[in-house]
Protein chains: 2
Amino acid sequence: MASRKLVLGTILYPSGHHVAAWRHPSTSASANVDVDHYIRSARAAEEAGFHIAFISDRLGIPQSRAEALQRVDEWSHGFEALTLAAAVATATTRIGVIATASTSFNEPYNLARQLASLDLISKGRIGWNIVTSSLEQERENFNPIPSFDHADRYERASEFVETVLALWESWNPDSILRNKQSGVFLGPDALKSVDHEGRFFRSKGPLNVIPSSQDHPILAQAGSSDAGKALAARTADVVFTAQPDLAAGRAFYQDLKQRRGAEGRSSDHLLVLPGIFPVVGRTRAEAEDRYATLQDLIQPEVALSLLETYLGDVDLSGVDIDGPLPDLPQSNSIRSRQGLLTGLARQEGLSVIGLARRIAGARGHWQVIGTAEDIAGQMEDWFTAGAADGFMVLPPTFPDGQDDFIRDVVPLLTHRGLFEPDVTARTLRQRLNLPRPLRMNTKTERKSA
Amino acid sequence: MASRKLVLGTILYPSGHHVAAWRHPSTSASANVDVDHYIRSARAAEEAGFHIAFISDRLGIPQSRAEALQRVDEWSHGFEALTLAAAVATATTRIGVIATASTSFNEPYNLARQLASLDLISKGRIGWNIVTSSLEQERENFNPIPSFDHADRYERASEFVETVLALWESWNPDSILRNKQSGVFLGPDALKSVDHEGRFFRSKGPLNVIPSSQDHPILAQAGSSDAGKALAARTADVVFTAQPDLAAGRAFYQDLKQRRGAEGRSSDHLLVLPGIFPVVGRTRAEAEDRYATLQDLIQPEVALSLLETYLGDVDLSGVDIDGPLPDLPQSNSIRSRQGLLTGLARQEGLSVIGLARRIAGARGHWQVIGTAEDIAGQMEDWFTAGAADGFMVLPPTFPDGQDDFIRDVVPLLTHRGLFEPDVTARTLRQRLNLPRPLRMNTKTERKSA
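The name that an unreviewed UniProt entry assigns to chain A is Monooxygenase, with the source organism given as Tianweitania populi.

Written as structure tokens, this is what we have:
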């Protein structure tokens, strides 16, 4: 049996994952409108054998602080994720493309169609990152939905995912006959209705897009709240997560794998990929210098605004930023991240502005600043300690931060026997060693909410 | 002043526009899942200097007759239009890509984002074909909307388009500063809220995707009912239409241009493109043979089912198919096409099955069966008689039917001085000689419903 190998993903971002990346001399401040930038980044990852290119998204502009908004390039994620995924998939041949789409402000039939279509365009390389869209500024861009509180958002998400799966499974690929002679294109059992009537959605079906070579897109999730983990344990193939250190990462990993087991499904088929924000130097001093250069470009109003968002849209405007973090109202939106950040501030004794600057770079993800050996070694530690099945790499800057990781760290991971680009797999599902989904009769396998 | 030139578009279809194209020996019956087929077709049109590749779409499977459904490849349009448009735009460099999306089963913010993102991906070559989704089988795939009758669908469409335009115009491109030194990315007036609260939609804005080099996608429309023409006159840059002959085409063209004038806007900036279904032969006899070969592949249940759909989802199951078309209930969905078809049946003295077969090939569009000279000549007649600013070419089959037109007809159009590929234009808006939209203060220019 082949030994377990690391799964590697890269995020596709405009100038970089670091909040001040756009100001760095090596980056393009126009990357967020430049599709060729995204295609180059995805191709570089594909060349290096990465499994996944990941595209985040958001349905509005966080406007908590106008003066901060004017000082970042990330009020715009640049492109809408599904259309960008189509462009990236068309310009690549092997890498999987996982794109973000919301269950709160879409209809299942539309999203099922777009994702199935993407799966055909990519020839079976698409994944859907399921998000529930927590921001008030997202909600206001759409017609009202019945309830936006945390529990209802997740209940809605659960019903949404079930409906999309049912639509994807409304086809029997074996009954697509295409017989020119007889004139029969479809056998009598080629498609079936879905007839979904739930609390949040109605959809009769069937879908009018045929399944791809990987049957349907894989499912990814990043919610780390209790409801988010429950949804992931039930439905996800891949989980992305922001974990500040090995101990937190290990606890999260074990929790999720156990929840998956409790669903009666193999925990090997739920891949947990923490983010890593790697700053690579030829020496540790060089790495620290590179980090400091980026940190020096952070504008205080930007860091504070980001902190407000990450704490769940709280208002820190009256707070002494050189003092400790005050007690916060429990957030309706991003519960899990609020807990991580207050913990981090306590642990490292950070002031409000200190915490803001500390997380503005990596945005709450695990950051490793050091040589390629340092970084590869720590990745191995997480992998062997049961804290990660692989990593979502968050390059501080594009293209240099990504190039550094690919040139210096990836060969060490290969040398350590942790990473081996799969050159035989054709679909993302094969590449991730995930089983084919059960078709046509999955209600017991995928328990509903 | 340069003389007026023909605008040429091509539809991107699976095996061909003819309903039995998938059974023809020259076509691929798997074209509807083959993205490379669509890319090849778009590139062939681009090479030939076409302005537009057009992607139709539908949000469900018409199921009026199960036995017909099993005998066509078109219950699936193969791909969802916007994701396919992204793939086609990524694989081409000059041709405009106009993709269909519905105003009845989307939210304006989502569609505005996806279209703006496509416009960036294509570097300013996208158009939106605005449809209202008339089929009951589309409606049942979505949560209920307040009303689905013809007038309300168009009122909703009108508000939808206004909202999308406002969102596209929520940016001031001149205030995107990207100043690395000062850290200021946006000037203070870079974006503004939309604050739309209407009968059907709410959207606060601004959009989080930046305008493209053509400001925003161009707008296309194909509704030919009174409400459809009113919407087109008010908002469209391009109108596609199915007109069976020159007289009908001229009446439609003049009506639409006059309505545009009545809106106080130049009728030169509303391009009317009737469909043409060309069957090209080296001789007329060869063209007739080619047509007959396709017609012989039509299965009666398919033709009748298509006729039922085109008449507005009527039920012809009890009708004597060898007799004349009975009186029909007025359709709520496709009023204008019902009128054209009953007129055609009367004019040509067709039985029900005769009408069904007559329209199944070209699907109600103008069909020309003859030599390249015949076809180019009749296109010139329409163009000079004030019935067309150009044409949407509907190849009977892919790739041969498209190749025949490009190889044999296009050079004759060029020779006659009617067609001249524009090699300088970069955006679709430039290529179509359309003015830049007025920004930031367009309420009076684009009157609301």
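Okay, back to it.
Colleague: Even after reading the chapter, I still don't get the environment of Gln258(B), so can you show me in this structure?
Modeller: All names here are of chain B. In this structure, Gln-258 sits in helix α8 (residues 246-262). The class of Gln-258 is exposed, set by a relative accessible area of 60%. Taking the C-alpha atoms as reference, Gln-258 lies 24 Å from Leu-165; in sequence the two are 93 residues apart.

Colleague: Explain the environment of Val239(A) here, please?
Modeller: Residue and element names in this part refer to chain A. Within the secondary structure layout, Val-239 lies in strand β10 (residues 238-241). A relative accessible area of 1% means that Val-239 is categorised as buried. Residues Val-239 and Asp-152 lie 87 residues apart in sequence; the distance between their C-alpha atoms is 21 Å. When sequence neighbours within four positions are dropped, the list of residues in contact with Val-239 reads Gln-221, Ala-232, Phe-252, Leu-256, Leu-270, Leu-271, Val-272 and Leu-273.

Colleague: Hey, could you run me through the interface of chain A and chain B in this one?
Modeller: Buried accessible area, meaning the area lost when the parts come together, often serves as the stated size of an interface. The interface of chain A with chain B comprises 80 residues on the first partner and 80 residues on the second. For the chain A face of the interface with chain B, the top three residues by lost area are Lys180(A), Phe185(A) and Arg202(A), together amounting to 11%. On the surface where chain A and chain B come into contact, there are 6 salt bridges. The partner of Asp36(B) in a salt bridge is Lys123(A), with the nearest N and O atoms 3.1 Å apart. Where chain A touches chain B, the interface holds 59 residue pairs in polar contact (both at pLDDT 80 or more). With 8 residues, the top contributor of residues to the side of chain A that touches chain B is helix α4 (residues 108-121) of chain A. The residue makeup of the side of chain A that touches chain B, split by class, is 36 nonpolar, 28 polar and 16 charged.

Colleague: Honestly, the packing of helix α3 (residues 81-90) of chain B against helix α4 (residues 108-121) of chain B in this entry has me stumped. Any pointers?
Modeller: Residues and elements named next belong to chain B. It is at 9 Å that the axes of α3 and α4 come closest, and there the two elements cross at 10 degrees. When the axes of α3 and α4 are compared, the pair comes out roughly parallel. Within the contact between the two elements, α3 uses Leu-82, Ala-85, Ala-86, Ala-89 and Thr-90 and α4 uses Leu-111, Gln-114, Leu-115, Leu-118 and Ile-121.

Colleague: What exactly am I supposed to notice about the pairing of strand β1 (residues 7-11) of chain B here?
Modeller: The two faces of a sheet get side chains in turn, since along a regular strand they alternate between them. Residue and element names in this part refer to chain B. The buried fraction of β1 is high, at 5 of 5 residues. Both faces of β1 are covered, namely the face carrying Val-7, Gly-9 and Ile-11 and the face carrying Leu-8 and Thr-10. Relative to strand β13 (residues 390-393), β1 runs parallel, the two sharing 4 bridges. In the sheet register, Leu-8 faces β13, and the bridge partner there is Phe-391.

Colleague: It is not clear to me how the packing of α4(B) against helix α6 (residues 150-168) of chain B should be interpreted in this structure. Could you clarify?
Modeller: All names here are of chain B. Between α4 and α6, whose axes approach to 9 Å, the crossing angle comes to 55 degrees. Judged on the interaxial angle alone, α6 and α4 are oblique. Crossing of α4 against α6: the hand is right-handed. Contacts from Pro-108, Tyr-109, Leu-111, Ala-112, Leu-115 and Ala-116 in α4 reach Phe-160, Thr-163, Val-164, Leu-167 and Trp-168 in α6. Its residues placed into classes, the contact of α4 with α6 shows 10 nonpolar, 1 polar and no charged.

Colleague: Just to check I follow, could you spell out the UniProt feature "binding site: FMN" (unreviewed entry) in chain A for this structure?
Modeller: All names here are of chain A. Here, UniProt's "binding site: FMN" (unreviewed entry) annotation points to Asp-57, Thr-100, His-150, Tyr-154, Ser-224 and Ser-225. Reaching out from Asp-57, the side chain makes a polar contact with the backbone nitrogen of Ala-81 at a distance of 2.9 Å. When you line up the elements, Thr-100 lands in strand β3 (residues 96-102). In this structure Thr-100 comes out as buried when scored by relative accessible area, which is 4%. The residues touching Thr-100, leaving out its near neighbours within four places in the chain, are Phe-54, Ile-55, Ser-56, Asp-57, Ala-81, Leu-82, Asn-129 and Val-131. Among the polar contacts made by the side chain of Thr-100, one reaches the main-chain carbonyl oxygen of Ile-55 at a distance of 2.7 Å.

Here is what the cut-offs are and how they apply
- Residues numbered from 1 in each chain as written.
- Chains lettered and ligands numbered in written order.
- Predicted model: local features only at pLDDT ≥ 70, side-chain atom pairs only at ≥ 80, totals over all residues.
- Heavy atoms only, no water.
- Helix = DSSP H or I, 4+ residues; strand = E, 2+ residues; numbered from the N terminus.
- Buried < 20%, exposed > 50% of the residue type's maximum accessible area, 1.4 Å probe, protein only.
- Contact = heavy atoms within 4.5 Å.
- Buried area = accessible area lost by both parts, 1.4 Å probe.
- Salt bridge = Lys/Arg side-chain N within 4 Å of Asp/Glu carboxyl O.
- Polar contact = N/O pair within 3.5 Å; in protein donor to acceptor, adjacent residues only side chain to side chain.
- Nonpolar A, V, L, I, M, F, W, Y, C, P; charged D, E, K, R; others polar.
- Axes fitted to C-alpha atoms, helices over the stretch in contact; angles between N-to-C directions.
- Parallel < 35°, antiparallel > 145°, perpendicular 65-115°, else oblique.
- Pairing = 2+ DSSP bridges.
- Left-handed = near helix turned anticlockwise from the far one by under 90°.
- UniProt positions renumbered as here; feature names shortened; annotations may be inferred.

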